[in-house]
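Secondary and tertiary structure notes
So the chains spell out like this:
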Amino acid sequence: MQNYQDVYGDKWQEINKCFACGRNNPIGLKLDIKHKDDICYTTFTPKTEHSGWLNVMHGGLLSTIMDEVMAHWLWGRGIPAMTVEMTTRYLKPVPIGEPIVVTARLQLDRGRMATLEADVTLADGTQVARAVAKYIKTERGLQIESGRSVTDTEAEPEE
Ligand SMILES: CCCCCCCC(=O)SCCNC(=O)CCNC(=O)[C@H](O)C(C)(C)COP(=O)(O)OP(=O)(O)OC[C@H]1O[C@@H](n2cnc3c(N)ncnc32)[C@H](O)[C@@H]1OP(=O)(O)O
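Calculation criteria
Residues numbered from 1 in each chain as written. Predicted model: local features only at pLDDT ≥ 70, side-chain atom pairs only at ≥ 80, totals over all residues. Heavy atoms only, no water. UniProt positions renumbered as here; feature names shortened; annotations may be inferred. Near = heavy atom within 4 Å. Polar contact = N/O pair within 3.5 Å; in protein donor to acceptor, adjacent residues only side chain to side chain. Helix = DSSP H or I, 4+ residues; strand = E, 2+ residues; numbered from the N terminus. Nonpolar A, V, L, I, M, F, W, Y, C, P; charged D, E, K, R; others polar. Buried < 20%, exposed > 50% of the residue type's maximum accessible area, 1.4 Å probe, protein only. Contact = heavy atoms within 4.5 Å. Core = buried A, V, L, I, M, F, W, Y, C linked by side-chain atoms within 4.5 Å. Lys, Arg positive; Asp, Glu negative; His and termini not counted. Salt bridge = Lys/Arg side-chain N within 4 Å of Asp/Glu carboxyl O. Expected span 1.5 Å × (residues − 1).

In the annotation of an unreviewed UniProt entry, the protein chain is listed under the name Acyl-coenzyme A thioesterase THEM4 and assigned to Desulfotomaculum nigrificans. Annotation of the protein chain in UniProt includes, under Sequence similarities (unreviewed entry), the sentence "Belongs to the THEM4/THEM5 thioesterase family."

Shown next, in the form of structure tokens:
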């Protein structure tokens, strides 16, 4: 199974400035996302700087992590894709300082569109959030050559 690291090699961590998973983003979350069987998952412990309400993790950050883990499900299987739609349900507040597990799995793979689902649980198994998101597969993915992200909607320059 080829993934983005296979494609980009040693340059991957150098160019990966992703807020969620980039090792080289000084203000990023530096998520370590793992693949196991048909799921993809990560763990994260929110600190005070990740707050929304007092002592509660910011919901937008929770969505960011779910989006990232779902996207990695595809990228890790050699399918470059971008998020086009996401619906999140916040079921219970996530307390600051409590570790969470974020898990993603494939719901539907049809043509250019893949639908994934994610859920977030506390250490005791309580589900605190879930999301469903749609991803469009990009033909070229992200280009390393230009040092910036481009999608396959941008036309190739004329010869
Ligand atoms: C290494 C891991 C990286 C992780 C990254 C984390 C995830 C991210 O943050 S990605 C960044 C956020 N997302 C973006 O920036 C995406 C912005 N959007 C885009 O660039 C474009 O919409 C793009 C490239 C995805 C698709 O554009 P384009 O190729 O023109 O497709 P488009 O014609 O709009 O849509 C293709 C088809 O999908 C359909 N479609 C598009 N969106 C939806 C939707 N939300 N629901 C249903 N259908 C949709 C369209 O109707 C169209 O259908 P048809 O072909 O039948 O007409």
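Moving on: the site of the ligand. Near the ligand you find 15 residues, and of these Thr 83, Glu 85, Arg 112, Met 113 and Ile 136 are the closest. At a separation of 2.9 Å, a nitrogen atom of the ligand approaches a polar backbone atom of Thr 83. The side chain of Lys 134 places a nitrogen or oxygen atom 3.4 Å from a nitrogen atom of the ligand. Only helix 3 (59-75), strand 3 (81-90) and strand 6 (127-137) provide two or more residues apiece to the shell around the ligand. It is helix 3 that provides the largest number of residues to the shell around the ligand, a total of 5 residues. A breakdown of the residues in the shell around the ligand according to their chemical character gives 6 nonpolar, 4 polar and 5 charged.

Next up on the list: the environment of Lys 92. Among the secondary structure elements, Lys 92 is positioned in the loop between strand 3 and strand 4 (100-110). We classify Lys 92 as partly exposed; its relative accessible area is 46%. Taking the C-alpha atoms as reference, Lys 92 lies 6.9 Å from Ala 129; in sequence the two are 37 residues apart. Dropping the residues within four chain positions of it, Lys 92 is found in contact with Thr 126, Gln 127 and Val 128.

Before going further, it helps to spend a moment on the environment of Gly 52. Considering the arrangement of structural elements, one finds Gly 52 in the loop between strand 2 (39-44) and helix 3. Sequence-wise, Gly 52 and Ile 96 are 44 residues apart; in three dimensions their C-alpha atoms are separated by 9.7 Å. Among all residues touching Gly 52, those that are not within four sequence positions of it are Met 57 and His 58.

A word on the nonpolar core. Nonpolar side chains in soluble globular proteins tend to end up buried together. By size, the foremost hydrophobic cluster in this structure holds 34 residues, and its most contacted members are Met 57, Met 70 and Ile 100. Taken together, the elements giving at least two residues each to this core come down to strand 2, helix 3, strand 4, strand 5 (113-122) and strand 6. No other element matches helix 3, which puts 10 residues into this core. Aside from chain neighbours lying at most four places away, what touches Met 70 is Met 86, Ala 104, Leu 116, Glu 117, Ala 118, Ala 131, Ala 133 and Tyr 135.

Looking at the secondary structure, you find Glu 68 in helix 3. Within the buried set, Glu 68 has no salt-bridge partner at all; the shortest N-O distance to an opposite charge, 9.3 Å, is to Arg 23. Sequence-distant contacts of Glu 68, defined by excluding residues within four places in its chain, comprise Cys 18, Ala 20, Cys 21, Leu 31 and Ile 33.

Next up on the list: helix 3. The periodicity of an α-helix, 3.6 residues per turn, causes residues three or four positions apart to be oriented the same way. The first and last C-alpha atoms of helix 3 sit 24 Å apart over 17 residues, in line with the 24 Å expected at 1.5 Å per residue. Counting buried residues in helix 3 gives 13 out of 17 residues, a clear majority hidden from the surface.

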